[in-house]
Amino acid sequence: MKSMRNEDILSIYEKDIPVFLVESLLSPAMKRIEHVGMHCGMEYTSFPIYKDLAPYSRGFHSLGVALITYRFTKDRKQALAGLFHDIATPCFSHVIDFLHHDYKTQESTEEKTTSIIKNDPLIPVLLKRYQLSIEDVDNYHLYPIADNDSPRLSADRLEYTLSNFLNFSLTDYETVRKFYDNLTITKNEEGEDELAFLDEDVASEFTLLTLKTSRFYISDEDRFGMEILSRILKAAINRNTITEDDLYTEEPFLLEKLKKDSLFVSDFNRFRSMDHILVSETEKEGYFKVSSKKRYINPLVINKGRIKDISPFARKAIDEYLSLSFERYLSIEDIDQYSFN
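For clarity, every value in this text was computed on a predicted model and none was experimentally measured.

S.K.: Help me out: how do you make sense of the packing of helix H4 (residues 58-73) against helix H5 (residues 76-83) in this one?
M.R.: For any two helices packed against each other, the geometry is given by the interaxial angle and the distance between the axes. At their nearest, the axes of H4 and H5 sit 7 Å apart, and the two run at 160° to each other. Regarding the angle of H4 to H5, the classification is roughly antiparallel. Judged by the sense of rotation from one axis to the other, the crossing of H4 with H5 is right-handed. Only Arg76, Gln78, Ala79, Gly82 and Leu83 of H5 make contact with H4, whose side of the interface consists of Ser62, Leu63, Val65, Ala66, Thr69, Tyr70 and Thr73.

S.K.: In this structure, what is going on with the layout of surface pockets? I would like to understand it.
M.R.: Remark: the empty space left among the atoms is shown by a probe the size of a water molecule rolled over them. Estimates place the volume of the second largest pocket at around 230 Å³. Every residue lining the second largest pocket is counted, 17 residues in all, and those nearest its centre are Gly37, Glu43, Tyr44, Pro55 and Glu251. Considered class by class, the residues forming the lining of the second largest pocket number 9 nonpolar, 4 polar and 4 charged.

S.K.: What is the right way to look at the packing of helix H13 (residues 220-238) against helix H15 (residues 262-273) in this model?
M.R.: Where H13 meets H15, the axes come as close as 10 Å, and the angle between the chain directions of the two elements is 175°. Accordingly, the angle class assigned to the pair H13 and H15 is roughly antiparallel. Contacts between H13 and H15 involve Gly225, Ile228, Leu229 and Ile232 from the former and Phe264, Asp267, Phe268 and Phe271 from the latter. Of the residues assigned to the contact of H13 with H15, the class counts are 6 nonpolar, 1 polar and 1 charged.

S.K.: I keep staring at the sheet that holds strand E4 (residues 300-301) and nothing clicks. Help me out?
M.R.: Each strand in a sheet pairs with its neighbour through backbone hydrogen bonds, running either in the same direction (parallel) or in the opposite one (antiparallel). Ordered by their spatial adjacency, 4 strands build an open sheet running E1-E2-E4-E5, and the pairing between neighbours is mixed. Unpaired on one side and paired on the other, strand E1 (183-187) and strand E5 (305-306) mark the two borders of the sheet. Summarising the sheet, E4 and E5 pair through 2 bridges and their orientation is antiparallel. Looking at the pairing, Leu300 lines up with Arg306 of E5.

S.K.: How should I be thinking about the side chain of Thr171 in this particular structure?
M.R.: Along the chain, Thr171 falls in the loop between helix H10 (155-167) and helix H11 (173-181). Using a relative accessible area of 8% as the deciding quantity, one classes Thr171 as buried. Among the polar contacts made by the side chain of Thr171, one reaches the side chain of Thr175 at a distance of 3.2 Å.

S.K.: Mind showing me how you'd approach helix H17 (residues 312-322) here?
M.R.: Think of an α-helix as turning once every 3.6 residues; residues three or four places apart then point the same way. Among the residues of H17, Ala314, Ala317, Ile318 and Tyr321 are the ones counted as buried. Down the axis of H17, the smallest arc covering the buried residues is 95°, so these residues share one side. Away from its buried face by more than 90 degrees, H17 exposes Pro312 and Lys316.

S.K.: How should the packing of aromatic side chains be read in this particular structure?
M.R.: Remark: the centre distance and the inter-plane angle together describe each pair of aromatic rings, the angle taken between the planes. A complete count under the given rule lists 19 aromatic pairs for this structure. When the ring of Tyr13 is compared with that of Tyr180, the centres are 5.6 Å apart and the planes differ by 55°; the resulting orientation is tilted. Of this pair, Tyr13 sits in helix H1 (residues 6-13) while Tyr180 sits in helix H11, placing them 167 residues apart in sequence. In this structure Tyr13 comes out as buried when scored by relative accessible area, which is 0%. Judged by its relative accessible area of 0%, Tyr180 is buried.

What counts as what
Residues numbered from 1 in each chain as written. Predicted model: local features only at pLDDT ≥ 70, side-chain atom pairs only at ≥ 80, totals over all residues. Heavy atoms only, no water. Axes fitted to C-alpha atoms, helices over the stretch in contact; angles between N-to-C directions. Helix = DSSP H or I, 4+ residues; strand = E, 2+ residues; numbered from the N terminus. Parallel < 35°, antiparallel > 145°, perpendicular 65-115°, else oblique. Left-handed = near helix turned anticlockwise from the far one by under 90°. Contact = heavy atoms within 4.5 Å. 1 Å grid on protein atoms, 1.4 Å probe; cavity = no way out; pocket = protein on both sides within 12 Å on 5 of 7 lines; lining within 4 Å. Points joined across faces, edges and corners; volume = space filled by probe spheres on them. Nonpolar A, V, L, I, M, F, W, Y, C, P; charged D, E, K, R; others polar. Pairing = 2+ DSSP bridges. Buried < 20%, exposed > 50% of the residue type's maximum accessible area, 1.4 Å probe, protein only. Polar contact = N/O pair within 3.5 Å; in protein donor to acceptor, adjacent residues only side chain to side chain. Arc of directions from axis to C-beta. Phe/Tyr/Trp six-rings, centres within 6.5 Å; stacked < 30°, edge-to-face > 60°.

The structure is reproduced here in structure tokens:
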């Protein structure tokens with residue numbers, strides 16, 4: 001099965017990119033996150049699950065969220081809020097949540113959104129032309145089609161889910177299009193707009209496939225890899241090789257700066273060579289527990305309710321996923337050779 005092709009998935013979301021989104025993509029802040037990866041640096045490792053992943057940036061994801069939001073709302077401000085929702089994402093994305101010990105809520109990477117939009121040389125000019133304020137677009141949590149509380153379905157969750165179906169070769173473009181074309185907007189239990197499926201069978205197939213991607217997101221490899229990279233970066237910050245502000249540049253630039261530090265080079269080469277995890281059920285020296293946010297989706301089906309409530313098979317699969325435990329200790333063979341020890 002072929003890996004994700006960016007132009008093809010975008011054409012599923014919306015045939016043409018509206019001019020106001022094209023103009024906004026030219027802003028320096030949006031151009032920066034074209035060089036921040038969605039896979040949180042794990043694509044640099046040698047773990048088999050990350051082998052042959054297609055390039056997938058925060059900028060591309062954000063454009064996808066904007067297109068999905070615009071497709072279902074035709075609202076410029078909601079689409080722009082979706083476009084800008086990751087504008088404050090630092091290099092290596094949620095690795096920085098691990099660095100800040102915020103890996104369960106993963107909110108620390110959103111703190112700079114308003115200031116970045118306000119200080120960009122182009123975005124405020126465009127917003128004035130569109131007769132919008134910064135407050136209209138700096139918080140996509142205001143718009144339930146763009147974002148809502150997990151495990152509901154939003155444009156944000158939908159975009160990275162569909163893209164990763166393709167990126168991890170879990171299904172094909174025809175199936176992704178089937179999922180997308182089966183969606184509409186309805187009112188949820190709280191009277192808010194929410195994306196929902198027209199057909200129960202499609203919703204069930206989608207849900208079961210999402211649980212496969214969810215297991216990638218909380219795998220031992222993913223959790224441990226992000227923890228190790230966060231410790232490498234923290235050590236580099238402590239040595240004044242980089243600053244916290246450097247995290248808000250571009251990943252290629254940050255890596256070049258880090259490579260001037262011989263300790264970082266040694267650590268990063270070890271990080272890149274990681275290809276398997278050591279697991280222990282008991283505490284050992286050099287082993288540690290790593291928790292994570294459990295991402296999953298429990299979508300609505302029109303006139304029926306949530307798939308977990310109407311499909312025993314989906315309910316069992318979701319419950320099994322939620323019962324997965326992080327109560328084990330992880331390590332790698334050369335853990336004692338890292339500079340942060």
